[in-house]
Amino acid sequence: MTSQKTSLSRRLSNGIWPELAERMTTALPSYAEPPPERQIFVNRTLRMESIQFVGFDLDWTLADYRRLPLERLTFELAVDRLIQENDYPETIRNCSFRPDFPRRGLLIDKESGTVLRMSRHRFINLAYQGRQRLDRHQLKQLYRYEPVQPASDRFYHVDSLFELPEANLYAELIELTKDQQETRLPSPRGIFDDLRQAIDWVHAHGALKQRVVADLPRYLHRDPELALALARLALGGRRLFLLTNSDRAYAEAISSYLLDDLLPGLDSWQEFFDLIVVGAGKPEFFSRRQPFRQLANGGEVVAEVDTPEWLGTYEGGCLEGLMGLIGGPGESVLYVGDHIYGDIVSSKLESTWRTALIVRELEEEIRQRSDLAARLDEGIALRHRLAHLGHQMDHLRDLLFVTEGSSHQLESATDSLEQIKERLESVTSEHRQLLGREARWSGKLDTSFNPYWGPFFKQGTSKTRFASQLETYACLYTSRVSNFAYYGSNRYFRVPWDPMMHELDLGPEAEI
């Protein structure tokens with residue numbers, strides 16, 4: 001049974017009725033570029049006029065949760081589950097909820113019990129065991145003597161905002177193991193396995209969804225620009241579809257709160273989408289072969305089909321069946337999601353879909369960088385000066401070595417042995433002082449971004465592994481779906497410049 005609703009794209013193609021036209025005219029942002037934190041950033045040139053289908057994830061993509069209350073609820077429910085089902089002691093209720101500690105892109109080392117950050121070169125310079133930050137010697141012992149394999153079973157990737165309470169609680173439980181006389185807990189891997197099961201249960205069977213649905217304003221932002229963004233994307237006959245892992249009842253409750261009655265003439269959230277797929281089971285959706293289970297209005301399964309139909313609601317399914325419906329090249333599809341692996345990497349590896357990653361942390365990072373612009377420039381100048389001094393030191397050391405090895409002073413030498421030594425000592429002293437200054441600058445700057453991990457996208461001068469994946473697999477990235485309301489439906493997203501290091505104009509030596 002196919003729904004009798006009318007496609008939003010078809011209604012917009014047939015002419016926008018006056019009420020909606022007026023709303024779009026007055027409410028859509030002007031043609032001026034949006035503020036930096038609301039812009040859409042481009043890794044790979046994309047012509048929106050070539051996109052005929054736009055798909056959306058739901059949780060943390062269309063649905064912008066209020067992070068702190070949702071994380072606290074998840075944290076507390078997981079603690080309850082560990083006590084009730086895994087016989088953890090009541091003392092684990094003393095674990096501290098620290099929302100500024102976990103962040104996406106971190107890894108959990110199940111063997112050593114550390115939470116760590118990795119650069120795109122698989123280098124680890126920062127890790128915590130419980131609440132203790134590991135020093136250089138400890139990092140060297142754990143991660144320098146053999147290659148780190150992030151894809152191995154040893155590591156768990158914190159890729160979703162839903163997983164932040166898990167990283168927080170894991171570190172707290174590891175901290176408790178340091179006093180086993182007071183609190184007897186399993187090994188680091190055992191703690192991880194128990195916690196992973198508890199978190200899965202909280203999301204799939206626990207009270208989390210019921211609590212969220214019972215008090216949606218507490219846990220969910222209702223963005224008035226979201227409906228405008230979807231309507232603008234649907235202009236010209238472009239079809240929109242929802243592809244989410246959430247079950248039908250939860251997806252309906254969340255989507256109804258987000259979209260019902262936001263635009264005149266659109267009473268129900270379902271009118272925004274030409275196809276709805278719930279319980280998709282991503283990332284396996286992109287690699288398995290499984291039929292779509294067609295759902296009636298009450299949620300019961302009425303049929304199983306290999307290829308869905310437009311305007312229907314389905315559960316499960318797979319990429320192959322969806323592409324059978326689309327009937328065109330993957331490049332005509334733009335998929336928007338928040339999960340770097342489940343939404344973006346997986347769809348890129350298994351299809352030719354174009355991708356857009358929602359990075360909610362982006363807005364805060366851009367505001368912080370703006371506030372710290374002068375200090376960031378100071379750091380660049382410091383590093384240029386250090387590089388220049390290092391070049392001088394290398395030259396003077398070699399010159400000193402050659403001069404000292406000579407049986408007699410070279411007649412062509414412009415400097416005596418003592419002069420070379422004095423110059424080397426002076427440059428070395430300045431270099432040492434600047435190293436200390438740079439270290440103090442770096443420490444203060446990092447804590448200005450985050451007291452534990454520093455900037456979200458950088459590890460020192462390198463990009464984090466998360467940032468590298470974003471660049472590699474996401475054609476576009478932005479902070480929220482509603483940012484599309486600031487752009488024309490046929491926007492040509494261009495990459496203005498994609499430089500290699502040798503193309504950068506480093507300029508003359510910076511003044512300190």
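This text follows the structure it describes.
Residues numbered from 1 in each chain as written. Predicted model: local features only at pLDDT ≥ 70, side-chain atom pairs only at ≥ 80, totals over all residues. Heavy atoms only, no water.

### A look at the overall build of the chain
Point 1. Of the regular secondary structure elements, the chain holds 16 helices and 19 strands.
Point 2. Counting all 512 residues of the chain, 51% fall into the buried class.
Point 3. The long-range fraction of contacts in the chain, counting pairs at least 24 apart against all pairs at least 6 apart in sequence, stands at 76%.
Point 4. In the structure as shown, the chain presents an accessible area of about 24,500 Å², 48% of it carried by carbon and sulfur atoms. (Helix = DSSP H or I, 4+ residues; strand = E, 2+ residues; numbered from the N terminus. Buried < 20%, exposed > 50% of the residue type's maximum accessible area, 1.4 Å probe, protein only. Contact = heavy atoms within 4.5 Å. Areas by Shrake-Rupley, 256 points an atom, 1.4 Å probe, with all protein chains shown as cover.)

### Focus: the layout of surface pockets
Point 1. In this structure, the second largest pocket spans a volume of roughly 890 Å³.
Point 2. Secondary-structure elements contributing two or more residues to the lining of the second largest pocket are β8 (155-157), α6 (188-204), α7 (208-214) and α12 (340-350).
Point 3. A total of 5 residues in the lining of the second largest pocket trace back to one element, the largest contributor, which is α6. (1 Å grid on protein atoms, 1.4 Å probe; cavity = no way out; pocket = protein on both sides within 12 Å on 5 of 7 lines; lining within 4 Å. Points joined across faces, edges and corners; volume = space filled by probe spheres on them.)

### Concerning the side chain of R81
Point 1. Here R81 is to be found in helix α3 (residues 67-86).
Point 2. Apart from residues lying up to four places away in sequence, R81 is in contact with N86, A198 and W201.

### With respect to unusual backbone geometry
Point 1. Residue K282 is joined to P283 through a cis peptide bond whose omega torsion reads 10°.
Point 2. Looking at the secondary structure, you find P283 in the loop between β10 (275-278) and β11 (292-295).
Point 3. The phi dihedral of D87 falls on the positive side, at around 60°, and the residue is not glycine.
Point 4. On the secondary structure map, D87 appears in the loop between α3 and β4 (107-109).
Point 5. With a relative accessible area of 68%, D87 lands in the exposed category.
Point 6. Although it is not a glycine, L311 adopts a positive phi angle of roughly 75°.
Point 7. Note that L311 resides in the loop between β12 (301-305) and β13 (313-316).
Point 8. You can call L311 buried: its relative accessible area is 15%.

### Some thoughts on the environment of K110
Point 1. Take K110: it is sitting in the loop between β4 and β5 (114-118).
Point 2. Take K110: its relative accessible area is 7%, and that puts it in the buried class.
Point 3. A sequence separation of 80 residues divides K110 from G190, and the C-alpha atoms of the two residues are 8.3 Å apart.
Point 4. Residue contacts for K110: discarding those within four places in its chain leaves D153, R154, F155, Y156, Y170, P188, R189 and F192.
Point 5. From its side chain, K110 meets the backbone oxygen of D153 in a polar contact 2.9 Å long. (Polar contact = N/O pair within 3.5 Å; in protein donor to acceptor, adjacent residues only side chain to side chain.)

### Some words on the packing of α3 against α6
Point 1. Look at α3 against α6: their axes get within 9 Å of each other, and the N-to-C directions meet at 115°. As α3 packs across α6, the resulting crossing turns out to be right-handed. Across the interface between the two elements, T74, L77, A78, R81, L82 and N86 of α3 pack against D194, L195, A198, I199, W201, V202 and H203 of α6.
Point 2. Its residues assigned to classes, the contact of α3 with α6 comprises 8 nonpolar, 3 polar and 2 charged. (Axes fitted to C-alpha atoms, helices over the stretch in contact; angles between N-to-C directions. Left-handed = near helix turned anticlockwise from the far one by under 90°. Nonpolar A, V, L, I, M, F, W, Y, C, P; charged D, E, K, R; others polar.)

### Here we look at α3
Point 1. Its 20 residues give α3 an end-to-end C-alpha distance of 27 Å, which sits within 8% of 28 Å, the value for a rise of 1.5 Å per residue.
Point 2. Its buried side turned inward, α3 meets α5 (164-176), α6, α7 and α8 (216-219).
Point 3. Following α3 by one or two positions, D87 adopts a phi angle in the positive range, close to 60°. (Expected span 1.5 Å × (residues − 1).)

### Observations regarding the sheet that holds β4
Point 1. Spatial ordering of the open sheet is given by β7-β6-β5-β4-β8, a layout of 5 strands whose pairing is antiparallel. Every other strand in the sheet has two partners, leaving β7 (132-133) and β8 as the edge strands with one partner each.
Point 2. In this structure, β5 lies alongside strand β6 (residues 124-129), joined through 5 bridges in antiparallel fashion. Opposite M118, over in β6, you have I124 as the bridge partner.
Point 3. Of the strands in this sheet, β4, β5, β6, β7 and β8 are in contact with helix α4 (residues 136-143), which crosses β6 at around 100°.
Point 4. Contacts from α5 reach β4, β5, β6, β7 and β8, with the element oriented near 130° to β5. (Pairing = 2+ DSSP bridges.)

### Observations concerning the packing of aromatic side chains
Point 1. Within the structure shown, the criterion is met by 24 aromatic pairs.
Point 2. Ring centres of F101 and Y452 lie 5.2 Å apart, and the angle between their planes is 90°; this geometry places the pair in the edge-to-face category. Within this pair, whereas F101 is found in the loop between α3 and β4, its partner Y452 is found in the loop between α15 (417-449) and β16 (458-459), the two being separated by 351 residues in sequence.
Point 3. Grouping aromatic residues by their ring pairs yields a cluster made of F241, F285, F286, F292, Y314, Y335 and W353.
Point 4. Above the face of the W201 ring, R81 is positioned so that its terminal group lies 4.1 Å from the ring centre.
Point 5. Sitting over the face of the ring of F101, R98 holds its NZ or CZ atom 4.6 Å from the ring centroid. (Phe/Tyr/Trp six-rings, centres within 6.5 Å; stacked < 30°, edge-to-face > 60°. Lys NZ or Arg CZ within 6 Å of the ring centre and 35° of its normal.)

### A short note on the pattern of salt bridges
Point 1. Using the criterion set out here, one finds 33 salt bridges in the structure.
Point 2. Here E225 and R38 are joined by a salt bridge, their closest N and O atoms 3.0 Å apart. Here R38 lies in the loop between α2 (18-27) and β1 (41-42) and E225 lies in helix α9 (residues 224-233), a separation of 187 residues in the sequence.
Point 3. Given the relative accessible area of 18%, E225 is considered buried.
Point 4. Overall, the relative accessible area of 11% leaves R38 in the buried class.
Point 5. Across the salt bridge formed by R360 and E363, the nearest N and O atoms sit 3.3 Å from each other. (Salt bridge = Lys/Arg side-chain N within 4 Å of Asp/Glu carboxyl O.)

### Re the pairing of β6
Point 1. Here β5 hands over to β6 after 5 residues, with R122 in that stretch at a positive phi of 65°.
Point 2. As paired strands, β6 and β7 are joined by 2 bridges and run antiparallel to one another. Bridging across to β7, Q129 finds its partner in Q132.
Point 3. Connecting the antiparallel pair β6 and β7 is a turn made up of 2 residues, with G130 showing a positive phi of about 70°.

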